[in-house]
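Chain and residue survey
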Amino acid sequence: MLASNHEIYNIVQAKFLAAEIVHSIHLNVSVIEGPSNNSNRILALVEYNKSNALFALVSSRTPPVSFSDLSIETVIPINHNFSCETEPTVGQNNVVLIIKYKQSRYEFSIEVGKESCAFAAELIKAKEVSNTKPNFTWLEKYFGTINQVLKNSDQMNDQSDFVLVRDNLVQGQTAINRESLLKYQLKLRDSEFTEKQEFTVFVGTWNVNGQAPTAPLRSWLSCDDNPPDVYAVGFQEIDLSKEAFIFNDTPREAEWQKFVMDGLNPKAKYRLVALARLVGMQLAVIVNNHHYPHVKNVSCDTVGTGLLGKMERDYLYRKLNVYNGRFFSGNKGGVAVRLELHNTSLCFVNCHLAAHVDEFERRNQDYKDINARVNFKRNPQSIKDHDQVYWLGDLNYRITDLSNTQVKTLLARCEMNTLLKVDQLSQQRERGNVLLDYLEGDINFPPTYKFDLHSDVYDTSEKARPPAWTDRILWRGRGIHQVHYRSHMDLRISDHKPVSALFKSEISVVDPVKYRKVHEDLLKKMDKHENEFLPQVTVDQTEVTFESVRFREPQYKEIIIANTGVVPADFEFIKKLDEETYCKDWLRILPFCGSINPGETCDIRLEVNLDVDVDTLYDILVLHLKGGKDMFIIINGTCQKSCFTQSLSSLVRMQVPVMNLNEEEYSSVSSLPIRYSIPRELWLLVDHLYRYGLKTRDLFESCALHEELIRIRDWLDYGSQEPLPGTPQAVAETMLLFLSYTKDPVIPFELQDVCIAAANNFENCRQLILQKLNDIHRTVFLYICMFLQELLKYTSDNGYDAKTLSSLFGDILLRDQIRNSKPQASRGKANFVYNFLMNDLSASLSPK
């Protein structure tokens, strides 16, 4: 092997089949007369069955870390038509490697040295040892992603340009997967029936700070003379009321949307394509009526970020992420809309990332969470796979290391470039931490945050926040040119100013006549060949093992599905007989379905996140190929015990932390006498909050870092002589987590409905607690309620009231057996708990 980096060689080899041997590679290759800074290519000499070929691969990152980072750009058979030579360049330490094949010529710039000389020698040797009549049919599967050189190969079928391989077919198999094959072939030939047309796309974002719409929006949305073809308008914080966050419902959605429609450019008529909302975030995508018939495959998704590990399937996550304007994650996250306009896929993402100057790492994580978890359940499913992506919102990145006075002084001097150098988003992008592959236009407008309401004056409040460019618009994709990037200072109802960007974007438009001709041509050829082909894939591993899975500490594994056939393979993980889902609740599969073109691969991410008490993990996944055979993948793993998933009855019997029990002691816990009136873990958490958290502002409204929660979990599970780690806010979040995942809820499942029914009368509620709950659950319930009563004594310090706390703890103390099965019951749960926060509980402590 010529390359010094053995790991990269292995990555390149993984791009090919096992029988296709990569003999040598050359790194850091550039294409002569290509774009600047294009040295991300790798040349690979590959042999199969005594025939050789030269591959040029493009790496999406340097160096590549997975074979999925590599895409095949060019492939050249090595036979009597192949030749290579080198020539020096003037004034550079490089040499030009010239490859000729029939009438084609390729020039690559490679660094002069031992590696380049040896690689050229290997190419010459490969030609000398090649067969007189080498068979290059093995290259045909790469035809869809490479240059047209293969069309000229002597081994290609001259009778048809329909790219198919006929080797190794099972005799007598029938035609399957016709639709996906047709789509694939149409995609390969789309240049024959499409043309690029320029569309204008208006993108706007505004954090309205919970204000109602009172001013027309035309100065923002109609600031250009010519009407845009597409609008994407995003809002943040459209409603900060508690009701909006508790019940995820607000009249503001309709109010703001009406003002948007009224504010669109009056020179055209528009139609709403999609409206997505997550509590305070709202995104509307609107198109000109003329283009609406060409919009298809619309899909939306929402992602909240923040509390308790960011697992969107979690009931607690879904309930708590819509709680309070500054609470957990309901006010932070992203909403996304995707669509196809003509023949181009567009994706718009509106986000609201974590606040506060020093929380840039959390903002980075929020961005990564949105990117990873948005799933449109269409192809493509993820954000990054669309042709064009527009990212907008209140990203909340601030200006670092400068005071309010310093920032305002520099603004008064019009020294915005100085300020932009200390803009957190610019810094984090330069370091590759966030939005690395996105572009942003030059910022020529003043910071859009934070203003005194109804003014153009930057924050004069006691906090005196420095101005910052929190509101941003970025994009990625080909054929996008930004025309304008601006703020709109005349709108003053919020502490933010709206921002807009206007783009001229190339959209691929289908010519119906040409399309019909290509379509009919393909159908004729498919009729001739379809009986010969079946989808075929291989999986790099059929058994995946997770080691020592711990509570709420996700583990990830990847499997690789490779299409080894000659037609696109549509795959999906399907349910097994008599099972409701295609995988266990503790497992998540991304993507769970998709399509893989011939010669390509798909990385499948398996994520395990444990929130139940099990000793081992075991599941069998059924990977189904449309029109092909099913494959089976075994998932197994070992689990570690945690106090968070034990029953209350077991916890009060454990004299020592759960991880200090051996297997025999642990299995016999249920037969031990009761040692504590409440679980020691709950007492430790509440006692810490009683000592240090009663006067803490917004105690339950902060998101702890995942590492903090893990440290507290381990402190409880193992025991320690050291003080309880973490801030009061982290301990409060851990308390919510503990109460939400014990094996049995504080109020048993079977009492849910009767408790809600009695919620309007305290005495009825009290009798239920005294008569229906056993001693352990009754004591825990009253203990928590009395702690919350103590918290309410300091409401002027911590900012809490009884309704707020009862809304939060109602869904936790009376959680559903099937998570989120009855969200409409949350008002009744809150009322039930509210009774116990507003009444004297002393008479309930010693029931007869």
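Note: the structure precedes this text.
Figured I'd write up the structure that's included with this text. (Residues numbered from 1 in each chain as written. Predicted model: local features only at pLDDT ≥ 70, side-chain atom pairs only at ≥ 80, totals over all residues. Heavy atoms only, no water.)

1. A look at the overall build of the chain
Check the secondary structure of the chain and you find 23 helices and 27 strands. The proportion of buried residues among the 848 residues of the chain is 56%. Counting only contacts in the chain whose residues sit at least 6 apart along the sequence, the fraction spanning at least 24 positions is 70%. Approximately 37600 Å² of the chain is accessible, and the part contributed by carbon and sulfur atoms is 48%. (Helix = DSSP H or I, 4+ residues; strand = E, 2+ residues; numbered from the N terminus. Buried < 20%, exposed > 50% of the residue type's maximum accessible area, 1.4 Å probe, protein only. Contact = heavy atoms within 4.5 Å. Areas by Shrake-Rupley, 256 points an atom, 1.4 Å probe, with all protein chains shown as cover.)

2. Structural notes on the environment of histidine 80
Position of histidine 80 among the secondary structure elements: in the loop between strand E4 (70–78) and strand E5 (82–88). Along the backbone, histidine 80 and lysine 133 are 53 residues apart, and their C-alpha atoms lie at a distance of 9.1 Å. Looking at histidine 80, its side chain comes within polar contact range of the side chain of asparagine 81, at 3.5 Å. (Polar contact = N/O pair within 3.5 Å; in protein donor to acceptor, adjacent residues only side chain to side chain.)

3. Considerations on the side chain of arginine 277
Residue placement: arginine 277 occurs in strand E10 (residues 270–278). Side chain to side chain, arginine 277 and glutamate 253 meet in a polar contact 2.5 Å long. Within the structure, the side chain of arginine 277 is placed 2.9 Å from the backbone oxygen of valine 279, a separation counted as a polar contact.

4. Observations concerning the packing of helix H15 (residues 680–692) against helix H17 (residues 728–741)
One can describe the packing of H15 onto H17 by two numbers: an axis separation of 10 Å at closest approach and a directional angle of 150 degrees. Of the possible angle classes, the one that applies to H15 and H17 is roughly antiparallel. Every pair of crossing elements has a handedness; the one defined by H15 and H17 is left-handed. Residues Glu681, Leu682, Leu685, Val686, His688, Leu689 and Tyr692 of H15 form the contact with H17, whose own contacting residues are Pro728, Val731, Ala732, Thr734, Met735, Phe738 and Leu739. (Axes fitted to C-alpha atoms, helices over the stretch in contact; angles between N-to-C directions. Parallel < 35°, antiparallel > 145°, perpendicular 65-115°, else oblique. Left-handed = near helix turned anticlockwise from the far one by under 90°.)

5. Topic: the packing of helix H22 (residues 802–813) against helix H23 (residues 826–837)
H23 packs onto H22 with a crossing angle of 115 degrees between their chain directions and a minimal axis gap of 7 Å. When the axes of H22 and H23 are compared, the crossing they make is right-handed. Listed contacts from H23 to Ala802, Lys803, Leu805, Ser806, Ser807, Phe809, Gly810, Asp811 and Leu813 of H22 are Ser826, Lys829, Ala830, Val833, Tyr834 and Leu837. Grouping the constituent residues of the contact of H22 with H23 by class yields eight nonpolar, four polar and three charged. (Nonpolar A, V, L, I, M, F, W, Y, C, P; charged D, E, K, R; others polar.)

6. Notes on the environment of isoleucine 574
Counting through the fold element by element, isoleucine 574 comes out in strand E22 (residues 569–574). Between the C-alpha atom of isoleucine 574 and that of leucine 621, which follows or precedes it by 47 residues, the distance is 7.7 Å. Other than its neighbours up to four places away in sequence, isoleucine 574 contacts Tyr582, Val622, His624 and Asp630.

7. Thoughts on helix H9 (residues 404–412)
Within H9 the residues assigned to the buried category are Asn404, Val407, Leu410 and Leu411. Across the axial projection of H9, the buried residues extend over an arc of 135 degrees, all falling on one side. Opposite the buried face of H9, at more than 90 degrees from it, the exposed residues are Thr405 and Ala412. Once H9 ends, the next one or two residues include cysteine 414, with phi positive near 60 degrees. (Arc of directions from axis to C-beta.)

8. Remarks on the nonpolar core
Counting residues in hydrophobic clusters, the biggest one holds 68 residues, and the most contacted among them are Phe700, Leu739, Phe781, Phe809, Phe832 and Phe836. Of all the elements in the fold, those that place two or more residues in this core are helix H13 (648–651), H15, helix H16 (706–718), H17, helix H19 (762–772), helix H20 (775–792), H22 and H23. At ten residues, H20 tops the list of elements feeding residues into this core. For phenylalanine 836, the contacting residues outside a window of four places in its chain are Phe762, Cys765, Arg766, Ile769, Phe781, Leu782, Cys785, Gln789 and Leu841. Of all hydrophobic cores here, the second largest spans 46 residues; its members include Ala274, Val335, Leu341 and Ile399. (Core = buried A, V, L, I, M, F, W, Y, C linked by side-chain atoms within 4.5 Å.)

9. Concerning the pattern of salt bridges
This model, assessed by the stated rule, comprises 34 salt bridges. Ionic pairing is found between arginine 189 and glutamate 192, a salt bridge with its closest N-O pair at 3.0 Å. For arginine 189, a relative accessible area of 14% puts it in the buried group. Judged by its relative accessible area of 40%, glutamate 192 is partly exposed. For aspartate 262, the salt bridge goes to lysine 258, with nearest N and O atoms at 2.9 Å. Placement of the pair is aspartate 262 and lysine 258 together in helix H6 (residues 252–263), with a separation of four residues, close to one helical turn. (Salt bridge = Lys/Arg side-chain N within 4 Å of Asp/Glu carboxyl O.)

10. A look at the sheet that holds E4
Read across the open sheet, the seven strands follow the order E4-E3-E2-E1-E7-E6-E5; overall the sheet is antiparallel. With one partner strand each, in any of the chains shown, E4 and E5 form the two edges of the open sheet. Direction aside, neighbouring strands of the sheet carry axes that sit 35 degrees apart on average. Direction of pairing for strand E2 (residues 41–48) relative to strand E3 (residues 51–59): antiparallel, over a ladder of eight bridges. The residue of E3 that forms the bridge with leucine 45 is leucine 54. (Pairing = 2+ DSSP bridges.)

11. Description of the packing of aromatic side chains
This structure, assessed with the given rule, holds 27 aromatic pairs. When the centroid spacing of 5.1 Å and the interplanar angle of 75 degrees are considered together, the rings of tyrosine 231 and tyrosine 270 count as edge-to-face. Remark: tyrosine 270 occurs in strand E10 and tyrosine 231 occurs in strand E9 (residues 230–236); sequence separation between them is 39 residues. On the accessibility criterion, tyrosine 231 (0% relative accessible area) is buried. The buried category is assigned to tyrosine 270, whose relative accessible area is 12%. With a centroid separation of 5.9 Å and 70 degrees between ring planes, the pair formed by phenylalanine 551 and tyrosine 741 is classed as edge-to-face. (Phe/Tyr/Trp six-rings, centres within 6.5 Å; stacked < 30°, edge-to-face > 60°.)

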